[in-house]
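These are the residues of each chain, in order.
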Amino acid sequence: METTMKPAHIGRKISRIRELRGIKQEVLAQELGVSQQTVSRMEASETVEEDILAKVAKILGVQPEAIKNFSEEAVFNIIGNTYHDSSTSLHYQCTFNPIDKIVALYDEKIALLERLLESEREKTEFLKGRN
């Protein structure tokens, strides 16, 4: 019984990396100097020419080998191995009271306005004294 390996679908890998990077097809197309439809066709293709792959990789901020070797399972393994405890990523706790910060900013604003008002009063008195 002979087993044949299914060829890596480079276009699908490009599409997935693009999505993970938060880049739209239109943006990739503009950077490549082609239409969005061309990018769509490229992502539907099983193979992509090496020079185009190099350009796409540069735009996506990865190496061409990273696209060729991309694996969804590897991404999920990295995420799964990175987050052992949900408390660090899902339950963010402020180390300060936000209301105290707002009150402090308001107090600074009042002090600044009072200094500005005093400056204007001094300027008015000075100008009155010159006449």
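Above this note sits the structure.
Residues numbered from 1 in each chain as written. Predicted model: local features only at pLDDT ≥ 70, side-chain atom pairs only at ≥ 80, totals over all residues. Heavy atoms only, no water.

A. Region of interest: the overall build of the chain. Along the chain, the regular secondary structure elements total 8 helices and 0 strands. Sequence-ordered secondary structure for the chain, helices as α and strands as β, is α-α-α-α-α-α-α-α. Across the chain, contacts joining residues at least 24 apart in sequence account for 60% of those joining residues at least 6 apart. For the chain, the exposed area adds up to about 10,800 Å²; of that, 55% sits on carbon and sulfur atoms. (Helix = DSSP H or I, 4+ residues; strand = E, 2+ residues; numbered from the N terminus. Contact = heavy atoms within 4.5 Å. Areas by Shrake-Rupley, 256 points an atom, 1.4 Å probe, with all protein chains shown as cover.)

B. Region of the structure containing the nonpolar core. Ranked by size, the top nonpolar core spans 15 residues in total, and within it Ile14, Leu28, Met42, Val56, Leu60 and Ile67 carry the most contacts. If you list the elements that add at least two residues to this core, you get α1 (10-21), α2 (25-32), α3 (36-44) and α4 (50-60). Top element by residues in this core is α4. It accounts for 4 residues. In this view, Leu60 contacts Ile14, Ile17, Arg18, Arg21, Ile23 and Ile67; residues no more than four positions away in its chain are not counted. (Core = buried A, V, L, I, M, F, W, Y, C linked by side-chain atoms within 4.5 Å. Buried < 20%, exposed > 50% of the residue type's maximum accessible area, 1.4 Å probe, protein only.)

C. How the structure looks around α3. Looking only at α3, the buried set comprises Val39, Met42 and Glu43. Along α3, the residues classed as buried sweep out an arc of 95 degrees about the axis, all on the same side. In α3, the exposed residues that point more than 90 degrees away from the buried face are Arg41 and Ala44. Buried-residue contacts for α3 involve α1, α2 and α4. (Arc of directions from axis to C-beta.)

D. Structural view of the environment of Gly11. By the element assignment, Gly11 lies in helix α1. By relative accessible area, Gly11 is classed as buried at 0%. Sequence separation between Gly11 and Leu53 is 42 residues, and the spatial gap between their C-alpha atoms is 9.5 Å. Look past the residues within four positions of Gly11 in its chain and what remains in contact with it is Met42, Glu43, Ser45 and Glu46.

E. Main features of the pattern of salt bridges. In the structure shown here, the tally under the stated rule is 5 salt bridges. The partner of Glu19 in a salt bridge is Arg16, with the nearest N and O atoms 3.2 Å apart. Placement of both Glu19 and Arg16 in helix α1 is noted, with a separation of 3 residues, approximately one turn of the helix. Look at Glu19 and you get partly exposed, because its relative accessible area is 42%. Between Arg18 and Glu43 there is a salt bridge, with the nearest N and O atoms lying 2.6 Å from each other. A residue pair is termed long-range when its members are at least 10 positions apart, and Arg18 in helix α1 and Glu43 in helix α3 qualify at 25 residues. (Salt bridge = Lys/Arg side-chain N within 4 Å of Asp/Glu carboxyl O.)

Without other data, these values stay purely geometric and don't point to any function.
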